[in-house]
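Spelled out from the first residue to the last, the chains are:
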Amino acid sequence: MSEPEIQPLALPGVVVVLSWFGRRDTVECVRSLLREPIPATVLVIDNGSYDGVLDEVSALWPQVATLQTGENLGYAGGMNRGIQWALDRGAEFVTVLNNDTIIPVGVIERTQQLAVDRMAVSPQVYYRDEPQKIWFGAAAMEPALQVPVHVPAKHLTEPQGGLRRSQLLAGCFITASAAVWREVGLFDERFFLNFEDSEWSVRARDRGVELVVDCTVSIQHAVSASFVGDAATLSSFYFIRNGLLFNRIMHGSWVSRIRFFRHRALIVVAASVRAGEWRRAIRQAIVVCWAIGCNAVRRYGVAPRALQRIVAGWNKSTK
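Now for a description of the structure that goes with this document. Along each chain, the written sequence defines residue order, and numbers are assigned to residues from 1. The predicted origin of the model limits local features to residues at a pLDDT of at least 70 and limits the giving and counting of side-chain atom pairs to 80 or more, whereas totals for whole chains, interfaces and linings rest on all residues. Computation of side-chain values covers all heavy atoms of the structure but excludes hydrogens and water.

Another point: the overall build of the chain. Starting at the N terminus, helices and strands are each numbered in turn, a helix being any DSSP run of H or I of at least four residues and a strand any DSSP run of E of at least two. Tallying secondary structure elements over the chain gives 10 helices and 12 strands in all. It is over C-alpha atoms that the radius of gyration is taken, and the globule rule equals 2.2 Å times the number of residues to the power 0.38. Whereas a compact globule of 319 residues would reach a radius of gyration of roughly 20 Å, the chain reaches 20 Å, a difference of no more than 12%. With respect to the three principal axes, the spread of C-alpha positions in the chain is 55 × 45 × 40 Å. The buried label applies to any residue whose accessible area, calculated with a 1.4 Å probe on protein chains only, is under 20% of its type's maximum; exposed applies above 50%, and partly exposed to all values in between. Within the span of the chain, comprising 319 residues, buried residues form 51% of the whole. Per-residue accessibility takes into account occlusion by the displayed protein chains alone, with areas from the Shrake-Rupley method and a 1.4 Å probe. Looking at the chain as shown, the accessible area adds up to about 15200 Å², and 54% of this sits on carbon and sulfur atoms. Note that His is not counted, nor are the chain ends; the positive residues are Lys and Arg, and the negative ones are Asp and Glu. In plain terms, the charge of a residue is placed at NZ if it is Lys, CZ if Arg, CG if Asp and CD if Glu. Across the chain, the mean location of the 34 positive side-chain charges is 11 Å away from that of the 30 negative side-chain charges.

Attention now goes to helix α3 (residues 74-88). The length a helix should cover is 1.5 Å for every residue beyond the first. Spanning 15 residues, α3 covers 21 Å between terminal C-alpha atoms, matching the ideal 21 Å at 1.5 Å per step. With 12 of 15 residues buried, α3 is to be regarded as a mostly interior element. Listed in full, the buried residues belonging to α3 are Gly74, Tyr75, Ala76, Gly77, Gly78, Met79, Asn80, Gly82, Ile83, Trp85, Ala86 and Leu87. Once α3 finishes, glycine 90 follows within two positions and takes phi at roughly 80°, a positive value.

For phenylalanine 195, which is not glycine, the phi torsion reads 80° and is therefore positive. Mapped onto the secondary structure, phenylalanine 195 falls in the loop between α5 (178-184) and α6 (196-206). In this structure, histidine 251 is a non-glycine residue whose phi angle is positive, near 60°. Tracing the chain through its elements places histidine 251 in the loop between α7 (230-249) and α8 (254-274).

Our next topic: the pairing of strand β2 (residues 40-46). Taken across its 7 residues, β2 has 7 buried, putting it largely inside the fold. With burial as the criterion, each face of β2 is covered, one bearing Ala40, Val42, Val44 and Asp46 and the other bearing Thr41, Leu43 and Ile45. Here, any two strands with at least 2 DSSP bridges between them count as paired. The pairing of strand β1 (residues 13-19) with β2 spans 7 bridges and is parallel. In the strand pairing of β2, leucine 18 is matched with isoleucine 45. For the handedness criterion, the strands are oriented away from the viewer, and a crossover whose path from the first strand over the helix to the second runs clockwise is classed as right-handed. A crossover links β1 with its parallel partner β2, the connecting element being helix α1 (residues 23-33), and its sense is right-handed. In this fold, β2 hands off to helix α2 (residues 53-60), which returns the chain to strand β3 (residues 65-68); that crossover is right-handed.

Among all positions in α1, only Asp25, Thr26, Val27, Cys29, Val30, Ser32 and Leu33 are buried. The contact criterion used throughout is that any non-hydrogen atoms of two residues lie within 4.5 Å. The secondary structure elements touched by the buried residues of α1 are β1, β2, α2, β4 (93-98), β5 (101-102) and α4 (107-115).

On the secondary structure map, glutamine 112 appears in helix α4. For glutamine 112, a relative accessible area of 5% puts it in the buried group. Among the polar contacts listed, one links the side chain of glutamine 112 to the backbone oxygen of proline 39, at a separation of 3.5 Å. In protein, a polar contact means a hydrogen-donor-capable atom and an acceptor-capable atom, both N or O and within 3.5 Å, with residues adjacent in sequence counting only if both atoms are side-chain atoms; elsewhere, any N or O pair within 3.5 Å suffices.

Take the nonpolar core next. If you look at the biggest cluster of nonpolar residues, it comprises 87 residues, and the most contacted ones within it are Leu33, Trp181, Phe187 and Trp200. Dropping the residues within four chain positions of it, tryptophan 181 is found in contact with Ile83, Leu87, Val94, Val96, Ile174, Ala176, Leu186, Phe187 and Trp200. Among the buried residues, those of types Ala, Val, Leu, Ile, Met, Phe, Trp, Tyr and Cys that are joined through side-chain atoms within 4.5 Å form a nonpolar core. One finds Leu114, Ala115, Met119 and Val212 within the second-largest nonpolar core, a separate group that totals 7 residues.

For the rest of this paragraph, the subject is the side chain of histidine 221. Residue position: histidine 221 is located in strand β12 (residues 210-221). Residue histidine 221 is classed as buried on the basis of its relative accessible area, which comes to 2%. A polar side-chain atom of histidine 221 sits 3.1 Å from a polar atom in the side chain of aspartate 100.

The values reported here are purely geometric and, on their own, carry no functional implication.
And the structure:
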C-alpha cells in the first residue's frame, strides 16, 4: 500500500503544542492561541497519554491538526515529530510551545517576523501564577558547572530595539524558520527531557543563528505542570543524567562534573538528611545513583523501566 500524500499547509507557519497528561492546560493553551486568527496552523500532539485531549481539541477547533505518537517520546522526541510534520508540509516557520503556556494575541506573528532574519526567537516568559515575575528573560552557561542557567531578572541586560541577545533559549517557546530547523537539526533525543533545548541552542549559535528574546511581547508559563507523581521523582533522574551528558558535550572538565554533582545532586540528598527525612533521602540517593550509572554506560533516552517501576511503587505506597 502506498503512503498517503502529504498535503501542503494553508498557512506559512506551524505551532507545535506537545501534551502529556495535560488535557486541561493544552485546551487553555490552544484557546489562547486561537483567540484571534494567527498566521500558522496549530498542531497538537499527544505524547502517548491517551487522555482524550485530541478528541476534545478536534471537537472544539476542527481546524487544528492533531497527532498521536502512541508512546511517551519525551519532550525531544515528541517535539521532533511535530517539527518534522511541519517541515514535510512546507512550513516556513515552526514554533515549539509548551502546553502549559498562555499566548497573548500577536506573539506568534511577531516572532515569525523576527525569525525571517536568521534568528531563533523567544518572547519574555512570566510565571502564569505570578504574572509580574519573570521566569525566562535570557539564559547563559554557568562556567563552573558547564550547564545552563536562567539569568536572574536583576541581572538581565537592557533590550536593544526591544530585543535581548541570549546564549541559550528555553524550549517552552522557540520560533525559527524552516531553513534554520533544517540546518541546525532537531532536538537530540538522547536527552528525552531536560537540556535538549540548551544543546539545540548551542548548535544553533555554532551555525551563526542569533538567539534573541523579544521583550516587546510576553507569554505566561505554568512551569513544570507535567511534573507530578512519578514524573516529579523521575525529573531528578533526567536532570542529573542529562546535566552530565550536556557537560560532556560541552567538553566540560572532570572538575566541572564533580561540581555539578555536588551542587545539583548531593545538596538535595543532604537537605533531606538534615531534615531527618531518611526515607526521602534514601530514595533520592537511589535516583542519583541510577542517573550517574546510566550516564556512565551511555544509557540515554527514556528512564530504564526498572527505575520507572521502582518509582511507581514508591509513589503508590505514599498514597
